[in-house]
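Inside the fold
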Amino acid sequence: MFDIDSVKALYKGSAVKYTRHFKNRVEEHGISKAEIAHVLLSGEIIEQYPNDEPLPSILIFGYTKNKKPLHIAVSLDDAVIWLVTAYVPTLNLWETEYKTRKAGDGNEMFLLQG
């Protein structure tokens, strides 16, 4: 699977594509490009989904410069990082460190819902 250095390299190299869902979620939640960039370049992978279709995906967690927690789901191939969704995690689904799902949250399909 991919590591955070692969994500950073693809992002820094401008090998980035955005899904329509990502664009809608970022606009809906008022998440800026600067916040996305900061989390992608300083965050950590908290979940991996190697069997996702059409591409494997990962969930990245980080704090923005203003200390807002942020999750960004990305799919990766060898040459492109696809930004799938981004959202501010909530404590009803995540533990207080925003890295661990609460047990029984029923949110297995977060990429479609997030």
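Residues numbered from 1 in each chain as written. Predicted model: local features only at pLDDT ≥ 70, side-chain atom pairs only at ≥ 80, totals over all residues. Heavy atoms only, no water.

A few words now on the overall build of the protein chain. Helix and strand counts for the protein chain stand at four helices and five strands. Ordered by position in the sequence, the α and β elements of the protein chain form the string α-β-α-α-β-β-β-β-α. By the burial criterion, 45% of the 114 residues in the protein chain qualify as buried. Taking the intrachain contacts of the protein chain between residues at least 6 apart in sequence as the baseline, contacts between residues at least 24 apart amount to 54%. For the protein chain, the accessible surface area stands at approximately 6400 Å², while carbon and sulfur atoms represent 52% of it. (Helix = DSSP H or I, 4+ residues; strand = E, 2+ residues; numbered from the N terminus. Buried < 20%, exposed > 50% of the residue type's maximum accessible area, 1.4 Å probe, protein only. Contact = heavy atoms within 4.5 Å. Areas by Shrake-Rupley, 256 points an atom, 1.4 Å probe, with all protein chains shown as cover.)

All right, on to the nonpolar core then. Residues Ile-36, Leu-40, Ile-72, Val-74 and Leu-83 are the most contacted members of the largest nonpolar core, which totals 23 residues. Going through the elements one at a time, α1 (4-12), α2 (20-29), α3 (33-42), β3 (57-63), β4 (69-76) and β5 (81-87) are the ones with two or more residues in this core. Contact partners of Leu-40, with chain neighbours within four places excluded, come to Ile-4, Val-7, Lys-8, Tyr-11, Ile-60, Ile-72, Val-74 and Leu-83. Core analysis: the next-biggest nonpolar cluster, separate from the first, contains nine residues, Tyr-49, Phe-61, Ala-73 and Val-84 among them. (Core = buried A, V, L, I, M, F, W, Y, C linked by side-chain atoms within 4.5 Å.)

Turning next to the environment of Glu-47. If you trace the backbone, Glu-47 turns up in strand β2 (residues 44-49). For Glu-47, a relative accessible area of 14% translates into the label buried. Residues Glu-47 and Phe-61, 14 residues apart in the sequence, show an inter-C-alpha distance of 9.1 Å.

The next point concerns the pairing of β3. The buried count for β3 comes to six of seven residues, which makes it a mostly enclosed element. Relative to β3, β2 is paired through five bridges, and the arrangement is antiparallel. If you follow Glu-47 over to β3, its bridge partner there is Leu-59. In the sheet, β3 pairs with β4 via seven bridges, with the strands oriented antiparallel. For Leu-59, the partnering residue across the bridge sits in β4 and is Ala-73. (Pairing = 2+ DSSP bridges.)

Throughout the structure, instances matching the rule amount to four salt bridges. Close ionic contact of Glu-44 with Lys-99 constitutes a salt bridge, the shortest N to O distance being 2.8 Å. One end of the pair, Glu-44, is in strand β2; the other, Lys-99, is in the loop between β5 and α4 (110-113), with 55 residues separating them in the sequence. Classification of Glu-44 by relative accessible area gives partly exposed; the value is 34%. Between Arg-101 and Glu-47 there is a salt bridge whose closest N-O contact spans 2.8 Å. You can see Arg-101 sitting in the loop between β5 and α4 and its partner Glu-47 sitting in strand β2, a full 54 residues away along the chain. (Salt bridge = Lys/Arg side-chain N within 4 Å of Asp/Glu carboxyl O.)

None of the figures reported here should be taken as evidence of function without further support.
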